[in-house]
Amino acid sequence: MDFANYDPAGARRSREIISAKIVVAGGFGVGKTTLVGAISEITPLTTEALMTAAGVGIDDSSKVPGKETTTVAMDFGRITMAQDLILYLFGTPGQTRFWFMWDEIIRGAVGAAVLVDTRRITDAFAPLDYFENRKLPYVVALNRFDDAPQYELEEVREALAISRDVPLVMCDARHRDSVKQVLVTVVEHAMLRLQNEHGRGYAPVG
Amino acid sequence: MEPRRDPRGALVRPYAVTRGRTEPSRDIALEAVLSANATQATEARFAGHDKYRIATVCEGRAQSLAEIAAYTRMPLGVTRVLVADMVAEGLLTLHTAAPATGYEERMNLLGRVLSGLREL
Ligand SMILES: Nc1nc2c(ncn2[C@@H]2O[C@H](COP(=O)(O)OP(=O)(O)OP(=O)(O)O)[C@@H](O)[C@H]2O)c(=O)[nH]1
Ligand SMILES: [Mg+2]
């Protein structure tokens, strides 16, 4: 843990505003932006980061003429919960080649929801692998598309080899109440994890 | 040989606004919120066009680094450098992004987020 955000001038602040973030992850087109938009108080915003070819894993940029930099877009929403508390929801870029960007996005997050499209379940392998190898608490949310095959949650848990202690829920990314439930599950899971780790004497996830 | 760049350092800040610097003077999280009061916003008039735009975005409503980048349409890396400068110059106030300093504090934050969500 570091104190990068520690501000010794804090004393002259009139009011400190705390912000927290939850990450909405998942493969290409699984409904991340839809989920964020369903609950955000602002239309999801996009911010762009410019990367060198090296950053996206293209080792020899000379093979990509005129393409030394590439733009990675991520979108996010905001929920102002109180005058001094803002929750941000960050969607990850869908393409897995931008994973180094995921590292920046998850840093300091409360937790993550990994969205799975029930029509393309195996697309979830890569995002799930990513989170299995991180300390961040996460839950898996099955985004039900209308034309998708209907699976039982336990079938999906087995197919994706999702560990018993990772919550798995159904959702409809277009509906606010459903999205709210997903986010509640993320935070409850993060609290439980923190409590367990504390009980076992581990330092908190940060 | 090209030195290996770390992923964060690989963010290119192509604009002259940062005078070629690519490392911000302090690390600012995507969700860290910044605000400018009326005095800060007035002072920022003399800090150049881009900094003034940033101060305007943050005046009266706290905005995260990510929001500032989105509203000003500047790449994240450029925005981070400028915002860090402005914090150092006193033109913006940096608020704490989710402190992870201790168990009680973290639990308390999670609890507040949870009830905030339930109340939606
Ligand atoms: N039927 C149905 N359609 C959905 C649902 N969620 C998203 N969609 C649709 O699926 C498409 C892709 O959704 P997005 O929210 O853009 O997906 P994304 O994950 O942000 O996509 P990328 O950012 O490109 O990776 C859109 O046309 C949505 O309207 C859902 O729960 N049910
Ligand atoms: Mg999207």
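What counts, and at which threshold
- Residues numbered from 1 in each chain as written.
- Chains lettered and ligands numbered in written order.
- Predicted model: local features only at pLDDT ≥ 70, side-chain atom pairs only at ≥ 80, totals over all residues.
- Heavy atoms only, no water.
- UniProt positions renumbered as here; feature names shortened; annotations may be inferred.
- Helix = DSSP H or I, 4+ residues; strand = E, 2+ residues; numbered from the N terminus.
- Buried < 20%, exposed > 50% of the residue type's maximum accessible area, 1.4 Å probe, protein only.
- Polar contact = N/O pair within 3.5 Å; in protein donor to acceptor, adjacent residues only side chain to side chain.
- Contact = heavy atoms within 4.5 Å.
- Salt bridge = Lys/Arg side-chain N within 4 Å of Asp/Glu carboxyl O.
- Near = heavy atom within 4 Å.
- Areas by Shrake-Rupley, 256 points an atom, 1.4 Å probe, with all protein chains shown as cover.
- Nonpolar A, V, L, I, M, F, W, Y, C, P; charged D, E, K, R; others polar.
- Phe/Tyr/Trp six-rings, centres within 6.5 Å; stacked < 30°, edge-to-face > 60°.
- Lys NZ or Arg CZ within 6 Å of the ring centre and 35° of its normal.

The name an unreviewed UniProt entry gives chain B is DUF742 domain-containing protein, with Micromonospora halophytica as the organism.

The name given to chain A in an unreviewed UniProt entry is Signal recognition particle receptor subunit beta, a GTPase, with the source organism recorded as Micromonospora halophytica. UniProt, in its Sequence similarities (unreviewed entry) section for chain A, records the words "Belongs to the GPN-loop GTPase family."

Enquirer: Explain the side chain of N143 of chain A to me, please; I cannot follow it from the model alone.
Expert: All names here are of chain A. With respect to the element layout, N143 can be found in strand β6 (residues 138-143). Exposure remark for N143: the relative accessible area of 4% places this residue in the buried category. Among the polar contacts made by the side chain of N143, one reaches the main-chain carbonyl oxygen of V30 at a distance of 2.8 Å. Within polar-contact distance, the side chain of N143 engages the backbone nitrogen of A173 at 3.0 Å. Setting aside residues up to four positions removed in sequence, N143 forms contacts with V30, G31, L115, V116, D117, T118, C171, D172 and A173.

Enquirer: In this structure, what is going on with the pattern of salt bridges? I would like to understand it.
Expert: Residue and element names in this part refer to chain A. This structure, assessed with the given rule, holds 22 salt bridges over all chains. Residues E154 and R157 are paired through a salt bridge, measuring 3.6 Å at the closest nitrogen-oxygen approach. With E154 and R157 both in helix α4 (residues 153-159) and 3 residues apart, the pair spans about one turn of that helix. We classify E154 as partly exposed; its relative accessible area is 42%. According to the relative accessible area criterion, R157 is buried, its value standing at 8%. Salt bridges linked by common partners bring D117, R119, R120, D123 and D147 together as one network.

Enquirer: Would you mind going over the site of ligand 1 with me for this structure?
Expert: All names here are of chain A. By nearness alone, 16 residues border ligand 1, and G29, K32, T33, T34 and N143 come closest of all. One of the side-chain N or O atoms of K32 is found 2.8 Å from an oxygen atom in ligand 1. At 3.3 Å, a side-chain N or O of D146 approaches a nitrogen atom of ligand 1. Relative to its unbound accessible area of 650 Å², ligand 1 is 68% covered by the protein chains. For the shell around ligand 1, the leading source of residues is helix α1 (residues 32-39), giving 3 residues. Class assignment for the residues of the shell around ligand 1 results in 4 nonpolar, 7 polar and 5 charged.

Enquirer: Hey, could you run me through the packing of aromatic side chains in this one?
Expert: How two aromatic rings sit relative to each other is given by the distance of their centres and the angle of their planes. Residues and elements named next belong to chain A. In total, this model carries 6 aromatic pairs over all chains according to the counting rule given. Seen from their ring centres, Y130 and F131 are 5.1 Å apart, and the 80° between their planes marks the pair as edge-to-face. Neither residue differs from the other here; Y130 and F131 are each classed as buried. Of the aromatic side chains, those joined through ring pairs into one cluster are W102, Y130, F131 and Y138. A cation over a ring is seen here: R119 above F145, with NZ or CZ 3.9 Å from the ring centre. A cation sits over an aromatic face here: R134 above Y130, 3.9 Å from the ring centre.

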